[in-house]
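# Remarks on the overall topology
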Amino acid sequence: MHNYQTELRQFIVENFLFGREDKPLSNSDSLLEFEIIDSTGVMELVSFIEQKYQLELRDEELIPENLDSIDRLVRFIAQKVNV
Amino acid sequence: MCGIAGILNFKAGSVDPALLRKMIDIIRHRGPDDLGFHLQANVGLAHARLSIIDLAGGHQPMHNGDKSLWVTFNGEIFNYVEVREQLIRRGYRFSTLSDTEVILHAYAEFGEHCVHEFNGQWAFAIWDNKSHKLFLSRDRLGVRPLFYRVTPETFTFASEIKSLLALPGVPRELDLIALDQIFTFWFPIPPRTAFKEIKELPPGQSLTVEEGVVTTKHYWSPHFEPPQNHVREQDYADELRDLLLDATRLRLRSDVPVGAYLSGGLDSTLITALIRQCTGVRLKTFSIRFDDPEFDESPYQQEVVRFLETEHREVRCTHADIGRIFPDVIWHAEKPVLRTAPAPMFLLSKLVRERDYKVVLTGEGSDEIFGGYDIYKEAKIRRFWGVRPDSRVRPLLLKRLYPYFPNLQQQSVAYLQAFFHARPQDLLSPFFSHLPRWELTSRLKIFFSEAVRAETRSYDAYADLKALLPRAYPGWDLLFQAQFLEAGYLLPAYILSSQGDRMAMAHSVEGRFPFLDPRVVDFAAGLPATLKMKVLNEKYLLKLCAKELVPPRVLKRPKQPYRAPEGKSFFHDRQPDYVDELLSPASIRSGGIFHTDVVGKLVQKFRDGRAIGVKDNMALTGIISTQLILNQYIQNFGRRYTDA
């Protein structure tokens with residue numbers, strides 16, 4: 001059983017913030033607005049999701065509505081896994 | 001091209017020749033052909049010569065007839081023949097054929113205004129015995145370097161910082177504000193340098209030391225003023241071709257053979273074609289060839305070689321080469337860098353020197369003055385969209401940006417919009433064009449230690465740069481503002497120094513840049529923005545001017561900025577020992593600049609092969625280069641890791 005929220009948070013904090021959270025990242029914080037993610041970051045995030053959860057993300061799914069906060073990611077992944 | 005150094009004691013004490021010797025010895029790579037000193041009471045001048053013009057008669061420091069003026073000079077005054085004739089008409093008599101003597105007599109005639117007569121690239125110091133004044137000057141665009149340090153007792157200057165740091169009693173400490181600036185803009189804002197107490201004379205400025213008082217003065221800065229009258233495009237193109245041809249002709253003045261760097265892009269190809277027109281002899285060209293196809297331009301280089309029938313030599317550059325020579329690159333660059341791009345230039349100048357050449361012409365400066373950079377295009381699209389943020393069509397243009405960055409090309413339009421959106425407050429910023437780049441770079445400060453963050457927390461680098469903008473700047477076109485930031489700052493502080501002078505002079509090679517002829521620069525600054533970038537077609541007028549001179553495929557090829565491999569250069573099977581040593585927790589901790597754990601996670605990301613982005617690569621290069629500065633300049637001054 002995956003704990004998406006914990007796993008995603010850990011990946012984001014380790015991979016993009018290198019463990020340094022000046023202010024704890026909330027689940028609803030925008031990864032774009034807080035400049036946590038850049039163009040390569042999106043690709044890194046997608047690769048992580050695809051590998052970790054054995055999912056295939058379609059191009060049209062790569063939008064901020066699905067990927068731009070921990071909450072959105074959790075909702076999106078849960079939906080994909082359940083389909 | 002040479003190395004210069006000098007000491008002026010404010011009090012009566014005479015200059016210690018051993019100190020002067022120490023200053024010049026450490027920069028002998030700039031001038032291996034001859035060495036000269038002038039010592040008198042409280043003044044000492046030194047010179048290391050790379051002989052290019054008047055091989056027999058150009059010994060320096062040089063004096064005028066009555067020995068009232070002494071000069072030590074690094075660079076070239078390309079129009080020295082014309083200025084010499086002008087001075088002869090005014091009654092001056094010359095005892096050499098050198099451009100150095102022209103400087104002396106021009107100073108005698110015009111005083112500090114002499115620099116307005118010069119078309120060249122220079123850093124020089126004149127000791128005026130009559131008025132007991134030291135006069136220093138640096139060329140308009142900062143091709144040649146000049147650094148100084150002032151204390152209550154002395155004024156010292158040199159071509160490179162290492163000459164000043166070699167003196168006893170000089171603190172060898174990183175300037176943390178400069179570090180913050182480098183990790184924002186890629187350069188320290190002059191006169192600040194990476195080292196405390198060491199200042200750089202900014203481009204286009206002169207400096208005087210008189211009765212212990214140091215004064216700096218702007219004599220030139222880039223100014224954009226498009227014409228009021230309509231001129232036909234073709235007339236502009238014809239005028240530009242004539243100007244570039246003459247700029248090239250002047251830069252071929254030399255008593256040693258002159259070659260050219262050939263990247264395979266429009267700028268260096270055009271310069272090579274113009275040299276061919278001037279000389280008619282078979283030209284020697286030099287290129288870098290990358291093993292990695294992502295960076296390699298050799299198919300275009302080969303096409304130009306065939307088209308212009310040059311005698312060509314290339315140096316192959318691998319990831320491993322970059323890692324191997326990087327400590328030497330940083331020793332010469334004298335500042336942290338965020339890109340490895342200087343390293344292949346170091347290999348290229350080595351090739352030139354091995355082939356017994358010491359002068360090369362290059363296409364440097366064209367992108368800045370004729371509108372070639374992608375950042376200009378990006379700014380244009382962002383603003384076009386920013387004024388109509390609800391438009392669904394305008395952001396589609398973002399797909400036209402950065403075709404050579406696959407990560408970016410794979411993004412959905414929704415994400416591109418998010419990355420390149422212009423916030424309402426951005427539209428009002430004087431730095432609109434550069435905000436995305438600078439904000440991305442500033443994210444690298446996450447790697448700074450707590451102590452460095454505490455020291456720089458309240459510092460506002462943008463405010464410092466804003467204070468230096470010319471009064472007319474807010475009224476300029478967006479393209480002109482972006483050009484000013486590139487030509488006025490990044491060009492001298494990074495392109496012409498870290499990638500230019502320092503890498504070439506490491507192997508005693510002089511670069512000459514026809515695009516930076518002041519007549520060409522002024523012409524470009526007076527062009528309407530639409531002739532530089534027509535819709536999204538960069539360097540429009542230059543392409544028109546080059547149409548019949550370069551191969552059609554080179555004219556039409558998509559813009560490929562010069563880049564070099566980064567992370568892969570430092571992490572591979574046979575990586576150099578210094579990488580692990582400098583990135584070890586103990587080394588990071590003792591350096592005090594970066595946070596041990598945060599750096600540790602970045603290093604792990606590279607070791608795992610997970611680091612693929614521009615930001616991670618810039619961070620790694622910035623950290624390694626800063627650690628090399630600490631190690632080679634501060635902790636163990638003069639330590640060298642390689643013998644490249």
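Above this text you will find the structure in question.
The structure contained in this document is the topic of the report that follows. (Residues numbered from 1 in each chain as written. Chains lettered and ligands numbered in written order. Predicted model: local features only at pLDDT ≥ 70, side-chain atom pairs only at ≥ 80, totals over all residues.)

## A word on the sheet that holds strand β9 (residues 154-158) of chain B
Residue and element names in this part refer to chain B. What counts here: Two strands qualify as a pair provided DSSP detects at least 2 bridges between them. Elements are defined by DSSP. Helices are runs of H or I of four residues or more, strands are runs of E of two residues or more, and each kind is numbered from the N terminus.
Taken together, 6 strands build an open sheet; the order of strands is β2-β3-β1-β9-β8-β10 and the sheet is antiparallel. Edge positions in the open sheet fall to β2 (34-40) and β10 (199-200), since each of these has one partner strand only. Bridge count between strand β8 (residues 147-150) and β9: 4 bridges; the pairing is antiparallel. Directly across from Tyr148, in β9, lies its bridge partner Phe157.

## Points about the pairing of strand β13 (residues 258-261) of chain B
Residues and elements named next belong to chain B. Cut-off, in case you're wondering: Remark: C-beta atoms are placed from the backbone, and a residue is labelled buried if 20 or more other C-beta atoms sit within 10 Å of its own, exposed if 12 or fewer do, or partly exposed between those counts.
Side chains of β13 alternate between two faces, with Val258 and Ala260 and Gly259 and Tyr261 buried alike. Two elements, β13 and strand β16 (residues 359-361), share 3 bridges in a ladder whose sense is parallel. Paired with Gly259 across the two strands is Val360, which belongs to β16.

## What to know about the nonpolar core
Residues and elements named next belong to chain B. Short version of the rule: Take the buried Ala, Val, Leu, Ile, Met, Phe, Trp, Tyr and Cys residues, join any whose C-beta atoms are within 7 Å, and the set you get is a nonpolar core. Note that the domain bounds were set by an automatic or database domain assignment. Each residue is represented by a C-beta atom placed from its backbone, and any two residues with such atoms within 7 Å are regarded as in contact.
Counting residues in each nonpolar core, the largest one holds 188 residues, and the members touching the most others are Val71 and Phe447. Tallying contributions element by element places helix α18 (residues 478-495) first for this core, with 11 residues. When residues of this core are assigned to domains, at least three map to each of domain 1 (2-218) and domain 2 (223-644). Not counting residues within four places of it along the chain, the set of residues in contact with Val71 comprises Gln60, Pro61, Met62, Thr100, Ile103, Leu104, Phe124, Ala125 and Ile126.

## Section: helix α19 (residues 497-505) of chain B
Residues and elements named next belong to chain B. Counting buried positions over the 9 residues of α19 gives 9, a clear majority of the element. Taken residue by residue, α19 has Ser497, Ser498, Gln499, Gly500, Asp501, Arg502, Met503, Ala504 and Met505 as its buried positions. Structurally, α19 contributes buried residues whose contacts are with α9 (319-333), α10 (342-354), α18 and β17 (510-512).

## What to know about the interface of chain B and chain A
With 23 residues of chain B at the interface, the matching set in chain A holds 19 residues. Going through the elements one at a time, α13 (406-409), α14 (413-420), α15 (435-442), α27 (596-607) and α28 (614-635) of chain B are the ones with two or more residues in the side of chain B that touches chain A. Of all the elements, α27 of chain B adds the most residues to the side of chain B that touches chain A, at 5 residues.

## Describing the pairing of strand β7 (residues 133-138) of chain B
Residues and elements named next belong to chain B. Where burial is concerned, most of β7 is hidden: 5 out of the 6 residues are buried. Pairing geometry for strand β6 (residues 120-128) and β7, over 6 bridges, is antiparallel. Note that in β7 the partner of Ala123 across the bridge is Arg138. The hairpin turn running from β6 into β7, its antiparallel successor, is 4 residues long, and His132 in that turn takes a positive phi close to 50°. When β7 meets strand β11 (residues 205-210), the two strands line up antiparallel, connected through 5 bridges. Pairing of Ser137 across the sheet is with Ser206, part of β11.

## A few points about the environment of Arg49 of chain B
Residues and elements named next belong to chain B. As for its position among the elements, Arg49 is in strand β3 (residues 43-49). Using a count of 24 C-beta atoms within 10 Å as the deciding quantity, one classes Arg49 as buried. Along the primary structure Arg49 and Asn119 are separated by 70 residues, whereas in three dimensions their C-alpha atoms are 21 Å apart.

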